[in-house]
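# Tertiary structure, described
Listed below, chain by chain, are the residues.
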Amino acid sequence: MNVTACAGRRLRVVVSGLSSDAHLWNLVHLQLFLEDLGHEVANLGNTTPDATIVEACRTGRPDLLVLSTVNGHGRTDGLRLIRTLRAVPSLAALPVVVGGKLGIDGRDHAGTRLTAAGYDAVFDDAAEGGPESGLARFESFLGALAAGHSRGGPAAGAGAA
């Protein structure tokens, strides 16, 4: 039995790729990882338009939105999407995280920009420890969220690069 799933409530999570990212296996991996932890997952798939993500969150009322990217345009697409999400009053406090390959050179401090724009946490593959470390930080973030820590609490910014 997993500590994260046992330590708190079952989360309703929306998982999605960003509009320019055609990669799918990262989303399947995240879905299976989250379901293994006991969470309910709606996977919107790859190359998902911003409007589709916003509508799924507005109508589905998830506890968390998880965005994953592999193509290196996560910073650009992610900044645009978080600004759109935070402009919707009913989604202003929705916990949102992004992870994967967020930039093309790994040195643009994507995590700092993305958290400043409104992400609760950023799990950048280029950060110290690489993807494996990011996944461990993501699991800790999930545990804190499931335990009831609200946006801006102890989990905020966890794993930000």
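Residues numbered from 1 in each chain as written. Predicted model: local features only at pLDDT ≥ 70, side-chain atom pairs only at ≥ 80, totals over all residues. Heavy atoms only, no water.

Within strand S3 (residues 64-69), six of the six residues are buried, which leaves it mostly tucked inside the rest of the structure. Burial of the side chains of S3 extends over both faces: Leu 64, Val 66 and Ser 68 are buried on one face and Leu 65, Leu 67 and Thr 69 on the other. The pairing of S3 with strand S4 (residues 96-100) spans five bridges and is classified as parallel. The residue bridging Val 66 from the neighbouring strand is Val 97, located in S4. In this region the chain leaves S3, passes through helix H4 (residues 74-86) and returns to the parallel neighbour S4; the handedness of that crossover is right-handed. (Buried < 20%, exposed > 50% of the residue type's maximum accessible area, 1.4 Å probe, protein only. Helix = DSSP H or I, 4+ residues; strand = E, 2+ residues; numbered from the N terminus. Pairing = 2+ DSSP bridges. Right-handed = clockwise from strand over helix to strand, strands pointing away.)

Right, let's get into the nonpolar core. One finds Leu 65, Leu 67, Leu 81, Leu 85, Val 96, Leu 114 and Tyr 119 to be the most contacted residues of the largest nonpolar core, which totals 21 residues. At the level of secondary structure, the elements contributing two or more residues to this core comprise helix H3 (50-60), S3, H4, S4 and helix H5 (110-117). Considering each element in turn, this core owes the most residues, four residues, to H4. Aside from chain neighbours lying at most four places away, what touches Leu 65 is Val 14, Ile 53, Cys 57, Leu 85, Leu 94, Pro 95, Val 96 and Val 97. Listed in part, the 19 residues of the second largest apolar core include Leu 30, Leu 64, Val 66 and Ala 146. (Core = buried A, V, L, I, M, F, W, Y, C linked by side-chain atoms within 4.5 Å. Contact = heavy atoms within 4.5 Å.)

Moving on to the side chain of Asp 21. Examined against the element boundaries, Asp 21 turns out to sit in the loop between strand S1 (12-17) and helix H2 (25-36). Although Asp 21 is buried, it forms no salt bridge, and the closest oppositely charged side chain is Lys 101 at an N-O distance of 9.5 Å. Engagement of the side chain of Asp 21 in a polar contact is seen with the backbone nitrogen of Val 70, the distance being 2.5 Å. Leave out the neighbours within four places in its chain, and Asp 21 touches Asn 46, Thr 47, Ser 68, Thr 69, Val 70 and Asn 71. (Lys, Arg positive; Asp, Glu negative; His and termini not counted. Salt bridge = Lys/Arg side-chain N within 4 Å of Asp/Glu carboxyl O. Polar contact = N/O pair within 3.5 Å; in protein donor to acceptor, adjacent residues only side chain to side chain.)

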